[in-house]
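# A closer look at the structure
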Amino acid sequence: KVETALENKLAEPLNKTFFSKDRPFDNDVDITPEKGWGTMNAQGLPTPGGVLKRVVRKGKPSSLYGRVAVGDKIKAHYHGYRTNGTIFDSSIAFRRPYEFTLGSGNVISCWDVAFLTMEIGERAIITCRPDYAYGDKGVGNGKILPCETLQFDVQLLNITQRNPEGGPRNYTLG
């Protein structure tokens, strides 16, 4: 029942519960890599709390479909939230899943970290500290401010292409 209620809240276009003071953080798991991980504008530090993940809906078992690996091309849906609860970007609003290659530097660091821990069909809330998001530069002429913590409601839809080199199928980075 709790999972269904949370999913109903996430369906709203504006969700201020993400950053509210009374939001329970009990279900958030710290998935920050021990060695850190950096792409795009920011260099993720190996300190705890860089990337937090809360599973909203479990996916299909990786024993059936294999694990996601660096170099795999995946399709995902997402809503991106700023700290004030407003959506700054959404693939769902445009009805077009976002496709990218994991570990190639095409997305912010927290996405690489989070999607490597996900299974096909899984939906999760990921919280990204600035060093795993856009760093001290921000983007989009004020769309995302410098040093801003971001949150994403993400769902891994499919692995569209496996790494042609057959890279390691594990959840570690670096």
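In this text the structure is predicted, and so the values were computed from the model without any measurement.

What follows deals with the nonpolar core. Counting 31 residues, the largest nonpolar core has Ile74, Cys110, Trp111, Phe115, Ile126, Phe152 and Val154 as the members making the most contacts within it. Not counting the four nearest positions on each side in its chain, isoleucine 126 is found in contact with Leu52, Lys53, Cys110, Trp111, Ala114, Leu150, Gln151, Phe152 and Val154.

A separate point is the pairing of strand S6 (residues 87-90). One ladder, built from 3 bridges, connects strand S5 (residues 73-81) with S6; its direction is antiparallel. Bridge pairing in S6 links glycine 80 to aspartate 89. Linking S5 back to S6 in an antiparallel pair, the connection comprises 5 residues, with glycine 85 at a positive phi of about 95°.

Tracing the chain through its elements places isoleucine 92 in the loop between S6 and strand S7 (98-101). The spatial distance from the C-alpha of isoleucine 92 to the C-alpha of alanine 76 is 9.6 Å, given a sequence separation of 16 residues.

This part takes up unusual backbone geometry. The general pattern is negative phi for most residues beyond glycine and trans for most peptide bonds. Its identity is not glycine, yet arginine 95 carries a phi of approximately 55°, on the positive side. Considering the arrangement of structural elements, one finds arginine 95 in the loop between S6 and S7. Among the residues examined, arginine 95 registers a relative accessible area of 75% and is labelled exposed. Phi at cysteine 147 takes a positive value of approximately 60°, unusual for a residue other than glycine.

Here we take up the packing of aromatic side chains. To describe a pair of aromatic rings, you give the distance between the ring centres and the angle between the ring planes. Scanning all chains against the criterion turns up 9 aromatic pairs. Consider the rings of tyrosine 78 and tyrosine 98, whose centres lie 6.2 Å apart with planes at 80°: the pair is edge-to-face. Of this pair, tyrosine 78 sits in strand S5 while tyrosine 98 sits in strand S7, placing them 20 residues apart in sequence. A relative accessible area of 9% means that tyrosine 78 is categorised as buried. Taking 5.7 Å as the distance between ring centres and 50° as the angle between the ring planes, the aromatic pair formed by phenylalanine 100 and tryptophan 111 counts as tilted. Placement of the pair is phenylalanine 100 in strand S7 and tryptophan 111 in helix H3 (residues 109-115), with a sequence separation of 11 residues. Tryptophan 111 carries the same exposure label as phenylalanine 100, and that label is buried. An aromatic cluster is built from Tyr78, Phe88, Tyr98, Phe100, Trp111, Phe115 and Phe152, whose rings are joined through pairwise contacts.

We now examine the pattern of salt bridges. A side chain with one charge may pair with a side chain of the opposite charge, provided their charged atoms come close. What the rule picks out here adds up to 6 salt bridges. Two residues, arginine 123 and aspartate 153, come together in a salt bridge whose shortest N-O distance is 2.7 Å. Pair noted here: arginine 123 is in strand S8 (residues 123-128) and aspartate 153 is in strand S9 (residues 150-161), with a separation of 30 residues, a long-range link. The burial state of arginine 123 is the same as that of aspartate 153; both residues are buried. Notably, a salt bridge pairs arginine 129 with aspartate 131, separated by 2.7 Å at the nearest N-O pair. A relative accessible area of 15% means that aspartate 131 is categorised as buried.

Quick look at the side chain of threonine 127 now. Residue placement: threonine 127 occurs in strand S8. Under the relative-accessibility criterion, threonine 127 is labelled buried at 10%. A distance of 2.5 Å separates the side chain of threonine 127 from the side chain of glutamine 151, its partner in a polar contact.

With that settled, consider the confidence of the model for the protein. Averaged over the protein, the pLDDT score is 77; the fraction of residues at 70 or greater is 72%. The element-level mean pLDDT for the protein is lowest in helix H1 (residues 2-10), coming to 47, with S7 highest at 94. Low pLDDT, under 50, characterises residues 9-24; the predicted model gives this stretch 33 contacts beyond four residues in sequence or across chains. Long-range and interchain partners of residues 168-174, a stretch whose pLDDT sits below 50, account for 20 contacts in this model, where long-range means more than four residues apart.

Criteria and cut-off values
- Residues numbered from 1 in each chain as written.
- Predicted model: local features only at pLDDT ≥ 70, side-chain atom pairs only at ≥ 80, totals over all residues.
- Heavy atoms only, no water.
- Core = buried A, V, L, I, M, F, W, Y, C linked by side-chain atoms within 4.5 Å.
- Buried < 20%, exposed > 50% of the residue type's maximum accessible area, 1.4 Å probe, protein only.
- Contact = heavy atoms within 4.5 Å.
- Pairing = 2+ DSSP bridges.
- Helix = DSSP H or I, 4+ residues; strand = E, 2+ residues; numbered from the N terminus.
- Phe/Tyr/Trp six-rings, centres within 6.5 Å; stacked < 30°, edge-to-face > 60°.
- Salt bridge = Lys/Arg side-chain N within 4 Å of Asp/Glu carboxyl O.
- Polar contact = N/O pair within 3.5 Å; in protein donor to acceptor, adjacent residues only side chain to side chain.
- pLDDT = per-residue confidence, 0-100.

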